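Listed below are the residues making up each chain.
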Amino acid sequence: GINAEYGKQWYQRRVRELFAWLAVLSAATALWISAVYGPYDPTFKRQFIYPFPFVAVMLFAFVSLVTILVRVTRLITRIDASEELQKDILEAKEELQKLGIGLKTQ
C-alpha cells in the first residue's frame, strides 16, 4: 500500500545519502594520503596536513550537534502544533454536534 511505498522511498533515499557520504569520505581520505606522501615541506605537513583528520572529525561533530538541536526544536514546535490542531478538531466536532450534524468517528 501507500505506507509500503513510502517506506521503500525512505529507505532508498537513506541508502543514496549513505553512499554520497562514503564517496566524500573516500575522496577526502585519498586526498589526505596523497598530501601526506607528497613533496610538501615537513613544517607545512605538521601544521596543516597531519591535523586535518582531527579538524574534520571536530567539524563533523559540530555540524551533527547543530543538526540535532535544530531537529529537536522543530519537533517540539510540531508537537505543540499537533496538540493545538487536536483541540481545534474537538471544538469543530462539538460545534457540528450542536448544529445537529453527526460525524462518523473512526
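Owing to the predicted nature of the structure, the values given are computational and were not obtained by experimental measurement.

## Digging into the overall build of the protein chain
In terms of regular secondary structure, the protein chain is built from 3 helices and 0 strands. Starting at the N terminus and ending at the C terminus, the protein chain contains elements arranged as α-α-α. For a compact globule of 106 residues, the expected C-alpha radius of gyration is about 13 Å, and the protein chain comes in at 26 Å, more than 25% above that figure. Its C-alpha atoms give the protein chain principal-axis dimensions of about 85 × 30 × 10 Å. Split into buried and exposed, the 106 residues of the protein chain put 5% on the buried side.

## Topic: the environment of Arg 13
Along the chain, Arg 13 falls in helix α1 (residues 2-36). For Arg 13, a relative accessible area of 31% corresponds to the partly exposed category. Between the alpha carbons of Arg 13 and Ala 92 there is a distance of 38 Å; along the sequence they are 79 residues apart.

## Concerning a negative patch on the surface
Taken together, the side chains of Asp 80, Glu 83, Glu 84, Asp 88, Glu 91, Glu 94 and Glu 95 present a region of like negative charge at the surface. Examined against the element boundaries, Glu 91 turns out to sit in helix α3 (residues 52-98).

## Overview of a nonpolar patch on the surface
A grouping of Leu 59, Phe 62, Val 63, Val 66 and Val 70 is seen on the molecular surface, where their side chains present a nonpolar patch of about 440 Å² in accessible area. Within the secondary structure, Val 66 sits in helix α3.

## Brief notes about the packing of aromatic side chains
By the definition in use, this model includes 3 aromatic pairs. The interplanar angle of 45° and the centroid separation of 5.7 Å between the aromatic rings of Tyr 40 and Phe 44 together place this pair among those described as tilted. By relative accessible area, which is 36% here, Phe 44 ends up partly exposed. Considering the side-chain rings of Phe 44 and Phe 48, the 5.2 Å spacing of their centres and the 40° angle between planes classify their relative orientation as tilted. Here Phe 48 and Phe 44 lie together in helix α2 (residues 42-49), a separation of 4 residues that amounts to about one turn. An aromatic cluster is built from Tyr 40, Phe 44 and Phe 48, whose rings are joined through pairwise contacts.

## Topic: the side chain of Lys 45
Inspection of the secondary structure puts Lys 45 in helix α2. Despite being buried, Lys 45 has no salt bridge partner; Asp 41 is the closest side chain of opposite charge, sitting 9.1 Å away. The contacts of Lys 45, once residues within four sequence positions are left out, are Ala 35, Val 36, Tyr 37, Gly 38, Tyr 40, Tyr 50 and Pro 51.

What counts, and where the lines are drawn
Residues numbered from 1 in each chain as written. Predicted model: local features only at pLDDT ≥ 70, side-chain atom pairs only at ≥ 80, totals over all residues. Heavy atoms only, no water. Helix = DSSP H or I, 4+ residues; strand = E, 2+ residues; numbered from the N terminus. Rg over C-alpha atoms; globule rule 2.2 N^0.38 Å. Buried < 20%, exposed > 50% of the residue type's maximum accessible area, 1.4 Å probe, protein only. Patch = residues over 30% accessible without salt bridge, like charges linked within 9 Å, V, L, I, M, F, W, Y side chains within 5 Å. Areas by Shrake-Rupley, 256 points an atom, 1.4 Å probe, with all protein chains shown as cover. Salt bridge = Lys/Arg side-chain N within 4 Å of Asp/Glu carboxyl O. Lys, Arg positive; Asp, Glu negative; His and termini not counted. Charge placed at Lys NZ, Arg CZ, Asp CG, Glu CD. Phe/Tyr/Trp six-rings, centres within 6.5 Å; stacked < 30°, edge-to-face > 60°. Contact = heavy atoms within 4.5 Å.

In short, shape yes, function no, at least from these values alone.
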